[in-house]
Amino acid sequence: MASDRQKEIFGLTSSELATLCDELGEPRYRAKQLANWLYRKGARDFDLMTNLPKALRERLKDTISLTRSQIVTKYKAEDGTTKFLLRLADGETIESVLLPYPDRVSVCVSTQVGCPVGCVFCATGATGFARNLTAGEIVDQVLTLSEENRATHVVFMGMGEPLLNFDNLLKAIQLLHDEVGISMRRMTVSTVGITPAIRRMADLKLQLTLAVSLHAPEQDLRKRLVPLSAKYPLEELLSVCKDYADYTKRRITFEYLLLAGVNDSPSHAARLAKLVRGALCHVNLIPFNEVLGKDFRRPSERAIAAFRAVLERHGVQVTQRAERGHTVAAACGQLKRHSVGNASSAV
Ligand code: SAH
Ligand code: SF4
């Protein structure tokens, strides 16, 4: 484990690695070699970096930390979906999910340990919030899961609210793009709707897909489901999303969690259609994945189909989240709750 006094190498960008080489009195081309070992080859140990002189490897081992996560548990469902529980250097645990499809391999990564937002239906929110992940800890998840099956796509949709960890998220995106070699177009950031941060993303014109967890067609209901949204009025959120689509020319995804008897009626669908119609977007319906201790139910297949039909009649493009990995407790935060054995108390 990393000592607090040592500088951490995993998570440094190429230019930061170049500065490190300067500090060590090493030529700058070593920075490229280090980046290649760390982010392309996923080396977990300086000893593996065989094109570095032995003396330099020893020096690095003595003075610099190279910290990667450890796999605590791994559950594989029949469809190949594999959920990982990873232990970080300070003993905290997070979840990441590997989702192999015929044409791509997605990894769903966490950005925080727990989540401070506290959506009433969410298992992660119920575990509380411990801390932000560093850029290195975010990138580590992609590389650790890639050891099983090389990731082509990254979705920031695991534990935590990515836009409340903005700087580390941006740095992780940069590392994944520049060093790991994953194009921005293959990355999706899912957010509960932190309006000022979406504005910053729009200004940066990043070519990412933005997925906004809407869950309700009006402010009052949204506030009940996502208490933090009291700070970010729906109207303002939608206007920022429109700017994001205008600036980046990227289609926004509006995620809509379907909760039986709460937000799943045809009238909710009609109001949702009115809100988003005409925007460069589509709606992704997410049938609720039941969480122990949460008093919500998943709507019937009929209710889901009816909701979808109303949106489509209004000209809104709709997709439905593919059901994958049911047997590995796929909804966000559930594996951790099972494994730490606090499922019934963490409500
Ligand atoms: N914090 C971000 C990203 C992580 S949550 C966000 O909220 O967007 C990723 C998605 O999982 C969100 O759309 C969230 O609403 C959804 N989700 C949370 N709990 C769920 C559950 N029990 N069943 C289905 N989806 C859930
Ligand atoms: Fe946090 Fe997203 Fe869960 Fe809400 S749904 S508590 S924002 S992880």
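On a predicted model such as this, the values are computed, not experimentally measured, just so you know.

Asker: What's the story with the site of ligand 2 in this structure? I'm lost.
Answerer: Taken together, C115, V117, G118, C119, F121, C122, G125, G160 and V192 make up the full set of residues near ligand 2. Looking at the shell around ligand 2 residue by residue, the class counts come to 6 nonpolar, 3 polar and no charged.

Asker: Which parts of the structure should I look at to understand the pattern of salt bridges?
Answerer: When charged atoms on two side chains of opposite charge get close, those side chains can pair. Tallying each qualifying case throughout the model produces 21 salt bridges. D140 is the partner of R68 in a salt bridge, and the nearest nitrogen-oxygen pair spans 2.5 Å. Taken together, the residues R68 in the loop between strand 2 (64–65) and strand 3 (70–76) and D140 in helix 5 (residues 135–146) connect sequence positions 72 residues apart. Here R68 matches D140 in class, with each residue buried. Between K242 and D246 there is a salt bridge, with the nearest N and O atoms lying 3.3 Å from each other. You can see K242 and its partner D246 sitting in helix 9 (residues 234–248), 4 residues apart, about one turn around the helix. Assessed through its relative accessible area of 47%, K242 is described here as partly exposed.

Asker: In this structure, what is going on with the site of ligand 1? I would like to understand it.
Answerer: Around ligand 1 sit 19 residues, and of these G160, S190, S213, H215 and N289 come closest. In this structure, G160 approaches ligand 1 through a main-chain N or O atom, which is 2.9 Å from a nitrogen atom. Residue S190 places a side-chain N or O atom 2.7 Å away from an oxygen atom belonging to ligand 1. Computed on the free molecule, ligand 1 has an accessible area of 530 Å², of which 96% lies beneath the protein chains in the complex. Elements with a minimum of two residues in the shell around ligand 1: strand 10 (187–191) and strand 12 (252–258). Here the residues of the shell around ligand 1 sort into 9 nonpolar, 7 polar and 3 charged.

Asker: Quick question: what am I supposed to make of unusual backbone geometry here?
Answerer: The bulk of non-glycine residues show a negative phi, and the bulk of peptide bonds are trans. For H215, which is not a glycine, the phi torsion comes out positive at approximately 65 degrees. By secondary structure assignment, the location of H215 is in the loop between strand 11 (209–213) and helix 8 (219–225). For H215, a relative accessible area of 5% corresponds to the buried category. The phi torsion at K249 lies on the positive side, around 60 degrees, for a residue other than glycine. Note on placement: K249 falls in the loop between helix 9 and strand 12.

Asker: How should I be thinking about the sheet that holds strand 13 (residues 281–287) in this particular structure?
Answerer: The pairing of strands in a sheet comes from backbone hydrogen bonds and takes either a parallel or an antiparallel form. Spatially, 10 strands are ordered 3-4-5-6-9-10-11-12-13-14 in an open sheet, and the strand pairing comes out mixed. Every other strand in the sheet has two partners, leaving strand 3 and strand 14 (318–320) as the edge strands with one partner each. Direction aside, neighbouring strands of the sheet carry axes that sit 20 degrees apart on average. With 3 bridges joining them, strand 9 (residues 153–156) and strand 10 adopt parallel strand pairing. Each bridged residue has a counterpart across the sheet, and for V155 the counterpart in strand 10 is T188. Docked against the sheet, helix 9 engages strand 11 and strand 12, running at close to 140 degrees with respect to strand 12. Of the strands in this sheet, strand 12, strand 13 and strand 14 touch helix 11 (residues 301–313), which is tilted by about 160 degrees from strand 14.

Cut-off values and rules
- Residues numbered from 1 in each chain as written.
- Chains lettered and ligands numbered in written order.
- Predicted model: local features only at pLDDT ≥ 70, side-chain atom pairs only at ≥ 80, totals over all residues.
- Heavy atoms only, no water.
- Near = heavy atom within 4 Å.
- Nonpolar A, V, L, I, M, F, W, Y, C, P; charged D, E, K, R; others polar.
- Salt bridge = Lys/Arg side-chain N within 4 Å of Asp/Glu carboxyl O.
- Helix = DSSP H or I, 4+ residues; strand = E, 2+ residues; numbered from the N terminus.
- Buried < 20%, exposed > 50% of the residue type's maximum accessible area, 1.4 Å probe, protein only.
- Polar contact = N/O pair within 3.5 Å; in protein donor to acceptor, adjacent residues only side chain to side chain.
- Areas by Shrake-Rupley, 256 points an atom, 1.4 Å probe, with all protein chains shown as cover.
- Pairing = 2+ DSSP bridges.
- Axes fitted to C-alpha atoms, helices over the stretch in contact; angles between N-to-C directions.
- Contact = heavy atoms within 4.5 Å.

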